[in-house]
Amino acid sequence: MSNVDLVIEERAASIGNFLVGRLLPFRQKRTVGPFSFIDHMGPISVAEHDNLDVDPHPHIGLSTLTYLFEGQIMHRDSVGSVERITPGAVNWMTAGRGVVHSERMPEDIRTTTPDAILHGLQIWIALPKELEDMEPSFVHIEAKDLPSWEEDGVSYKLIAGEALGRKSPVPVYSPLYYIEIKSTEHKKINIGSGLFGEAAMYILEGGVKSGEHEYEPKNILISNDSTLCEFEMKPNTTVYIFGGEPLPEERYILWNFVSHDTDKLEKAKQDWINQNYEVFPLIEGDSDSYVPFPEGMKSFKNKK
C-alpha cells in the first residue's frame, strides 16, 4: 500500500484450548472500517493437540466470518444451524441480540485423519447501531459461489462485501469488503480506485513491497485512505484486503460481546453468567458444556 499509516504484527493469544495470532483489535487501531476483531488460527496439527474444540459461547452486536485455508470445522448454533465449513467457503453468523455457537473438529477428521491441519481466519464485523438487536441468523456460502476472477496472472476472490465492480453473496449489513489476492509471480497491484473508506492488508504468505519498505507474513498494513492501495507482490504471495466505511459510533468489546453501548455489554455478561436461556438459548445437540465468562476479566463498570 503506497501509504502505510500503521503496521500491526500478529500477537499470540489464548482462546482456551490453543493459541491463535491476534491481529485486531490493537491499542493504536481498534477497528478498520466495521472490522473489529481478527484471529489467525493455526496452522495447527490435530495430532499435536488433544482438543481443537471451542465449546458453546455467546456473542452480541456482531457478525462472525469464518474463512479456512486448510482443514474443516463443524459449526452449531442456537439458531439451529449445523454446518461443516471447508476451505474457501464462508460461514457468516449474525449474533444480533444474542446467539450461542460452538466450533468443533468433525468427528470423522478427528478419528481418521490425525495428521490434518486446521488453518484460517476468524473475523468479527460490528453491526450498525440500529441493527445491534436484530434477530440472530446464519448463512453458509460455498466457495464456488464467491466471485473469483483473474487479471494479469493474479487471482482475486471477493469473499464478502462489494468492491472492484463485484458483489459477494454474503449478506453484510454495512459498506465493506474482504478480498483475497494470490500471485505466483512478482506483480504490481493497484486496486485503490475500486475500494472505499479505511483499508488494511493482511499478508498470509510471501511478501509485499510498499514504497521503499518490504513486509513479511503475519503483518497487517493499514492505510486510512483506501484509494492509495498500491503495492508489489513477491512471487507466491497471498494477501487479504479488508475494510470499508467506519461506523459513526465507537465500538467497545467485552469478551465475546461488541456494542456501542457499554451497558449492553454488562447486561450480556450477566445474562451469560446467569445462563439466561431467553437471551442465550441452548444449542440442540451440543449443550453439555459451555465456556464460562473469564474470571478476573475487567468490565466497563470496574473501569469507572
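Note that this is a predicted model, so its numbers are computed, not measured. (Residues numbered from 1 in each chain as written. Predicted model: local features only at pLDDT ≥ 70, side-chain atom pairs only at ≥ 80, totals over all residues. Heavy atoms only, no water.)

**A closer look at the overall build of the chain**
Each helix and strand counted, the chain has three helices and 25 strands in total. Along the longest, intermediate and shortest principal axes, the C-alpha atoms of the chain span 55 × 50 × 35 Å. Out of the 304 residues in the chain, the part that is buried amounts to 55%. When contacts within the chain are restricted to residue pairs at least 6 apart in sequence, long-range pairs at least 24 apart make up 71% of them. Carbon and sulfur atoms form 46% of the exposed surface of the chain, whose accessible area is close to 13,500 Å². Counting 29 positive and 47 negative side-chain charges, the chain places the centres of these two groups 4 Å from one another. (Helix = DSSP H or I, 4+ residues; strand = E, 2+ residues; numbered from the N terminus. Buried < 20%, exposed > 50% of the residue type's maximum accessible area, 1.4 Å probe, protein only. Contact = heavy atoms within 4.5 Å. Areas by Shrake-Rupley, 256 points an atom, 1.4 Å probe, with all protein chains shown as cover. Lys, Arg positive; Asp, Glu negative; His and termini not counted. Charge placed at Lys NZ, Arg CZ, Asp CG, Glu CD.)

**Structural notes on the side chain of Gln275**
Position of Gln275 among the secondary structure elements: in the loop between helix 2 (262–273) and helix 3 (300–303). Given the relative accessible area of 17%, Gln275 is considered buried. Of the polar contacts made by the side chain of Gln275, one reaches the backbone oxygen of Trp272; its length is 2.9 Å. (Polar contact = N/O pair within 3.5 Å; in protein donor to acceptor, adjacent residues only side chain to side chain.)

**So, the pairing of strand 14 (residues 154–163)**
For strand 14, a buried count of eight out of 10 residues is recorded, marking the element as mostly surrounded by other parts of the structure. With four bridges connecting them, strand 13 (residues 148–151) and strand 14 associate as antiparallel partners. Across the sheet, the residue bridging to Ser148 is Lys157, located in strand 14. Here strand 14 runs beside strand 15 (residues 166–167); their pairing, made up of two bridges, is antiparallel. Considered in strand 15, the bridge of Ala163 is made with Arg166. The turn joining strand 14 and strand 15, which pair antiparallel and follow one another in sequence, is formed by two residues; a positive phi near 55 degrees is taken by Leu164. (Pairing = 2+ DSSP bridges.)

**Observations regarding the UniProt feature "domain: Pirin C-terminal" (unreviewed entry) in the chain**
As annotated by UniProt and renumbered to match this structure, "domain: Pirin C-terminal" (unreviewed entry) occupies residues 189–275. The span residues 189–275 is 14% helical and 45% strand by assignment, and the distance between its end C-alpha atoms comes to 50 Å. (UniProt positions renumbered as here; feature names shortened; annotations may be inferred.)

**A word on the pattern of salt bridges**
Here the structure, examined in full by the defined rule, presents 17 salt bridges. The salt bridge partner of Asp108 is Arg84, with a shortest N-O separation of 3.1 Å. Here Asp108 is found in helix 1 (residues 107–112), whereas its partner Arg84 is found in strand 8 (residues 82–85), with 24 residues between them in sequence. A relative accessible area of 35% places Asp108 in the partly exposed class. (Salt bridge = Lys/Arg side-chain N within 4 Å of Asp/Glu carboxyl O.)

**Examining the sheet that holds strand 7 (residues 73–77)**
Paired through backbone hydrogen bonds, the strands of a sheet run either parallel or antiparallel to each other. Pairing is antiparallel in the open sheet, where four strands are placed in the order 5-10-7-8. Taken across any chain shown, the strands that pair with only one partner, and hence form the sheet edges, are strand 5 (54–59) and strand 8. Within the sheet, the average angular offset between the axes of one strand and its neighbour, ignoring direction, is 25 degrees. As paired elements, strand 7 and strand 8 share four bridges and run antiparallel to each other. (Axes fitted to C-alpha atoms, helices over the stretch in contact; angles between N-to-C directions.)

**Re unusual backbone geometry**
Leave glycine aside and you will find that most residues have negative phi; peptide bonds, for their part, are mostly trans. That bond from Leu24 to Pro25 is cis: its omega, 0 degrees, falls within 30 degrees of zero. Tracing the backbone shows Pro25 in the loop between strand 3 (19–24) and strand 4 (35–45). Despite not being glycine, Lys218 shows a phi value in the positive range, around 65 degrees. By secondary structure assignment, the location of Lys218 is in the loop between strand 20 (213–215) and strand 21 (219–223). Classification of Lys218 as partly exposed rests on a relative accessible area of 43%.

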